[in-house]
Amino acid sequence: MIDKIKDFLGVDIQEQKYKLSHDETFGMIADEKKPDKWVFSTCGYCGVGCGLYIGVKDGKAVYTKGNPKHFVNKGTLCPKGLSEHQMINSPHRVQTPLIKRNGALQPASWDEAFTQVSTEFKRIQKEYGNKAVAVIGTGQFLTEEFYTLGKFVQLGLQTNNYDGNTTLCMASAVMGYKQSLGSDGPTSSYEDFEKADTIFLVGANIADNHPILTLHINKNPQKKVIVIDPRASKTSQMADVYVPIKPRTDLALYNGLAYIILEQGWENEGYILANTNGIKALRKHLQDYPPQEVANITGIDVKTLYELAREFVANEKVMTAWTMGVNQSFMGTDTVSAIINLHLLTGHIGREGTGPFSITGQCNAMGTRETGFTSSLPGYRNYGDEAALKEYAQIVNVPEEIIPRERGYKYAEIIDAIDKGEIKALWITATNPLVSFVNQEKIRKTLAKLDLLVVQDAFLGDTALIADVVFAAATWGEKEGVYTNSERRCNKANKAVEPIGNAKSDFDIIVAFSKYFEGVNEMLFPNWSEPRDAFEEWRKVSKGQLCDYSGISYELLEEHGGIQWPCNEQFPLGSKRLYTEDIPFRTADKKAKLLCVEWHPMAEPANAAFPVILNTGRTVEQWHTRTKTRDIAILDNLAPEAWVDVNPNDAKKLKVKSGDRMSLSSPRGRVDDVVVRVTGSVREGTVFVPFHFNTQLVNRLTQESFCPKSGEPNFKQTAIQLHSQEVPQGLELKEQEVSGAIAHHKVVFEGVTFKEKVSSAQ
Ligand code: SF4
């Protein structure tokens, strides 16, 4: 009562609530949350890999603080990292296994859940073959969990139909590195952002998606930042030069820059001769990409093209960093190779401040790539390489015959195989395709055809809600292992609190589940009881491979706050960059490949019925499909729903202003009630919508167009229509202005490739 009166009179300053007290590690902190202990760990959201401490009080996570000594973030964290502890106690956590009974998910024991799933898996495999069971994984597991899951699925369940969310995110970078350099593996370090003279950021909105990376760029006093992006994102505001490129014309741009570099004799001949193959064929191929033609395609004028090419050679240290704008493309793999071509032509690779550098999306997208089973066998061993297969079989002591000779279906192929009735059971781990995958209507109908859908997750997301069985997983802060960030830095994540309710770590779930299959646990996980067992085997399996972890131990990670692979006897504290004099390219002749890669027009360009190009992406406040962030008030209140960025000229035609509501449609579906933001950050005829929200599910609109090499979806360009209240029929197709010899937009509409057009014009 006294408190209420004080409150009413305005004299209650909530002294107790806001009182500070001294903490030995961090100085003055909120007394109310002063932890009993701080647990050394790593952020579990994005691929930047910030080091942090989790504050624990009375057995609960109450604080997250950046690790001041960690190289990646030097004590800073972005809003998601700062509030990460709140995610652990989300009301949407799955606290116990669930089994669907009479149409509703009901709590069950672990034995009931494992028995039901293992019995069904065995029945299905007996009836339809081993490959009728498929698995779709994540970028969120710890490396030990990826290694354990992959081993169990491919060597235990004997199915190679195992792919993951990484294919929606990084697969094009993986395949681009592989086809150009001989192996997956990002070449550079964050330190290179600090040392480069020129930094190209292409299709990368790091200000929203990897905010802590901006610290490394800002530390660089002499840098010039060039942002190339169809959208003037927050990142473009930190650029010295912003180049607004037409959507999905990036590959033509990089080919065009390579043309100019060779035309002007700006290439590094010595480097090319000593380290690459393919220059002759590339020179010939690039004749299809003269500056005027590239200007027509990209919308970047010829003078700017020459200036950009000049920037690539004017200084000693040039790096290019990219993310989803490049990867999420139907030509993603080849676009990555076109970027790599530029670095090989100029010798900007393998040295301080240089390199083509992919920035990963999820906290351990790298771990899933390294431990393999999706795009390669563990340790980047290629499918079809018999010697590598034998070596792997020997290390892990299993018969060679059970190791797959070839990769199974990619993510989208798994969905298609379910649709065709070929795959009957699907096990999804820590990912939520009912928000994140393209063409939602199709995937929803397809998943309904399964005999069994198992979801292993810490949160009851949209996909878990339609599952037959849910395995209740522990989340970040409740389990131990390592994550590897974008710069190949392996970081330790520690357990701060016990898993909620009856949940188990993903490592424990897989090992326990394997016991329901005769002889499997004994063969694959003999005496394994903790993640360290998987890590020790992984060190042996990766030894001698590019991603060599043999020199890394848990203890060394805690001592040094993260170590970059390869780490071995030659590099006892890791390696800052790849393809230096000591680390050759991973091709047979140790030379990189200059590849002839071709630009193609979009399969579904803007047209009379759908004249607007939709671009999707992320915002700093939310994480993926919001399973982890929707219950964190400080984040969700800042971005509680999707919005659509509309150019002022289009807004005028649609008679809408910021704050109005609009609908979006494509040949695949419709999304209603999306709030309008009128902004010059998007070009006329294009819009941007964040993909996180199941309420305004923008992936109802996106198309099934995939990179044929990586399987990555072309999330970034979808032809849509906008419907406002005043103009429900939407926009009319704008006539495109065309200059120069090639009428690019005519090429698009006629469905004729650029090369064919060039040939026919000659
Ligand atoms: Fe976590 Fe990424 Fe934010 Fe760092 S930048 S705190 S790793 S979400």
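Nothing here was measured: the structure is a model prediction, and the numbers come from that model.

**Details of the environment of Val-133**
(1) Moving on: In this fold, Val-133 is placed in strand β8 (residues 133-137).
(2) Moving on: Residue classification places Val-133 among the buried positions, given a relative accessible area of 0%.
(3) Moving on: Beyond its immediate chain neighbours, meaning those up to four positions away, Val-133 contacts Phe-121, Ile-124, Gln-125, Leu-157, Thr-159, Asn-161 and Ala-425.

**Let's talk about empty space enclosed by the protein**
(1) Moving on: On inspection of all chains with the given rule, the structure shows 8 cavities of 30 Å³ or more.
(2) Moving on: Approximately 400 Å³ is the volume found for the largest cavity.
(3) Moving on: Around the largest cavity sit 33 residues that line it, and Asp-229, Pro-230, Gly-325, Asn-615 and Lys-716 are the ones nearest its centre.
(4) Moving on: Of all the secondary structure elements, the ones that give two or more residues to the lining of the largest cavity are α11 (250-263), α16 (324-327), β23 (612-617) and β27 (686-690).
(5) Moving on: Tallying contributions element by element places β23 first for the lining of the largest cavity, with 4 residues.
(6) Moving on: Of the voids in this model, the second largest cavity is the one considered here, and its volume is about 320 Å³.

**Brief notes about the pattern of salt bridges**
Should the charged atoms of two oppositely charged side chains come close, the side chains can pair.
(1) Moving on: Counted under the stated rule, the structure contains 42 salt bridges.
(2) Moving on: The salt bridge partner of Asp-208 is Lys-234, with a shortest N-O separation of 2.8 Å. Placement of the pair is Asp-208 in helix α9 (residues 206-209) and Lys-234 in the loop between β11 (224-228) and β12 (241-243), with a sequence separation of 26 residues.
(3) Moving on: The class for Asp-208 is buried, based on a relative accessible area of 6%.

**What to know about the packing of helix α19 (residues 386-396) against helix α26 (residues 531-542)**
(1) Moving on: Look at α19 against α26: their axes get within 10 Å of each other, and the N-to-C directions meet at 150 degrees. Looking at the two axes, α19 sits roughly antiparallel to α26. In the crossing of α19 with α26, the sense of the turn from one axis to the other is right-handed. Packed against α19, whose contacting residues are Tyr-392, Ile-395 and Val-396, the element α26 presents Glu-537, Lys-540 and Val-541 at the interface.

**Things to note about the packing of aromatic side chains**
By convention here, two paired aromatic rings are described through the distance between centres and the angle between planes.
(1) Moving on: Tallying each qualifying case throughout the model produces 33 aromatic pairs.
(2) Moving on: On the numbers, 5.9 Å between centres and 70 degrees between planes, the contact of Phe-26 with Tyr-53 is edge-to-face. Of this pair, Phe-26 sits in the loop between β1 (20-23) and β2 (27-30) while Tyr-53 is found in strand β4 (residues 51-57), placing the two residues 27 residues apart along the sequence. The two residues Phe-26 and Tyr-53 agree in class, both being buried.
(3) Moving on: Taking the centre distance of 6.1 Å and the plane angle of 45 degrees together, the rings of Trp-110 and Phe-471 count as tilted. With Trp-110 in helix α5 (residues 110-128) and Phe-471 in strand β18 (residues 469-472), this residue pair connects regions lying 361 residues apart in the sequence. Grouping residues by exposure puts Trp-110 and Phe-471 together as buried.

**Some thoughts on helix α24 (residues 506-514)**
(1) Moving on: Here α24 lies mainly inside the structure; 7 of its 9 residues are buried.
(2) Moving on: Where α24 is concerned, the buried positions are Asp-506, Phe-507, Ile-509, Ile-510, Val-511, Phe-513 and Ser-514.

**Here's the deal with the sheet that holds strand β28 (residues 718-723)**
(1) Moving on: Pairing in this closed barrel of 6 strands is mixed, and the strands run β23-β27-β24-β26-β25-β28 around the ring. Neighbour-to-neighbour, the strand axes of this sheet turn through a mean angle of 45 degrees, independent of strand direction.
(2) Moving on: With 2 bridges connecting them, strand β24 (residues 643-646) and β27 associate as antiparallel partners. If you follow Asp-645 over to β27, its bridge partner there is Phe-688.

**Thoughts on the nonpolar core**
(1) Moving on: One finds Phe-121, Leu-426, Trp-427 and Phe-471 to be the most contacted residues of the largest nonpolar core, which totals 157 residues.
(2) Moving on: Sorting elements by how many residues they give to this core places α11 first, with 10 residues.
(3) Moving on: Setting aside chain neighbours within four positions, we find Phe-121 in contact with Val-133, Leu-157, Ala-425, Trp-427, Leu-452, Val-454, Phe-513 and Phe-517.
(4) Moving on: One finds Cys-43, Ile-199, Ala-321 and Ala-493 within the second-largest nonpolar core, a separate group that totals 43 residues.

**Some details on the sheet that holds β18**
(1) Moving on: Pairing within the open sheet is mixed, and its 7 strands lie in the order β7-β6-β18-β17-β16-β8-β9. Both outer strands of the open sheet, β7 (104-107) and β9 (162-164), are each paired with one neighbouring strand and no more. Averaged over all adjacent pairs, the angle separating strand axes in this sheet is 20 degrees, with direction ignored.
(2) Moving on: Note: strand β6 (residues 98-101) against β18, 2 bridges, orientation antiparallel.

**Observations concerning the side chain of His-70**
(1) Moving on: Within the element layout of this structure, His-70 appears in the loop between β5 (60-66) and α3 (79-82).
(2) Moving on: A polar atom in the side chain of His-70 sits 2.7 Å from the backbone oxygen of Gly-561.
(3) Moving on: In this structure His-70 touches Gly-49, Gly-51, Arg-489, Asn-491, Gly-561 and Gly-562, once residues within four positions along its chain are discounted.

**Observations regarding the confidence of the model for the protein chain**
(1) Moving on: In the predicted model, the protein chain carries a mean pLDDT of 93, and the fraction of residues at 70 or more is 94%.
(2) Moving on: Residue range residues 737-762 is modelled with pLDDT below 50. Its contacts to residues more than four positions away, or to other chains, number 44 contacts.

**Thoughts on the pairing of β4**
Regular strands place side chains that alternate from one sheet face to the opposite one.
(1) Moving on: For β4, the buried fraction is high: 6 of the 7 residues fall into the buried class.
(2) Moving on: Bridging between strand β3 (residues 37-42) and β4 involves 6 bridges; their strand directions are antiparallel. Considered in β4, the bridge of Val-39 is made with Ile-54.
(3) Moving on: Here β4 runs beside β5; their pairing, made up of 6 bridges, is antiparallel.

**A few points about unusual backbone geometry**
(1) Moving on: Omega for the bond connecting Trp-565 with Pro-566 falls within 30 degrees of zero, at 0 degrees, which places this linkage in the cis form.
(2) Moving on: Backbone geometry places Ala-430, a non-glycine residue, at a positive phi of 50 degrees.
(3) Moving on: The residue Ala-430 is located in the loop between β16 (425-429) and α21 (433-436) in this model.
(4) Moving on: Positioned with a positive phi, Arg-626 is a non-glycine residue whose angle comes to about 70 degrees.
(5) Moving on: Along the chain, Arg-626 falls in the loop between β23 and α28 (633-636).

Reading guide: rules and limits
Residues numbered from 1 in each chain as written. Predicted model: local features only at pLDDT ≥ 70, side-chain atom pairs only at ≥ 80, totals over all residues. Heavy atoms only, no water. Helix = DSSP H or I, 4+ residues; strand = E, 2+ residues; numbered from the N terminus. Buried < 20%, exposed > 50% of the residue type's maximum accessible area, 1.4 Å probe, protein only. Contact = heavy atoms within 4.5 Å. 1 Å grid on protein atoms, 1.4 Å probe; cavity = no way out; pocket = protein on both sides within 12 Å on 5 of 7 lines; lining within 4 Å. Points joined across faces, edges and corners; volume = space filled by probe spheres on them. Salt bridge = Lys/Arg side-chain N within 4 Å of Asp/Glu carboxyl O. Axes fitted to C-alpha atoms, helices over the stretch in contact; angles between N-to-C directions. Parallel < 35°, antiparallel > 145°, perpendicular 65-115°, else oblique. Left-handed = near helix turned anticlockwise from the far one by under 90°. Phe/Tyr/Trp six-rings, centres within 6.5 Å; stacked < 30°, edge-to-face > 60°. Pairing = 2+ DSSP bridges. Core = buried A, V, L, I, M, F, W, Y, C linked by side-chain atoms within 4.5 Å. Polar contact = N/O pair within 3.5 Å; in protein donor to acceptor, adjacent residues only side chain to side chain. pLDDT = per-residue confidence, 0-100.

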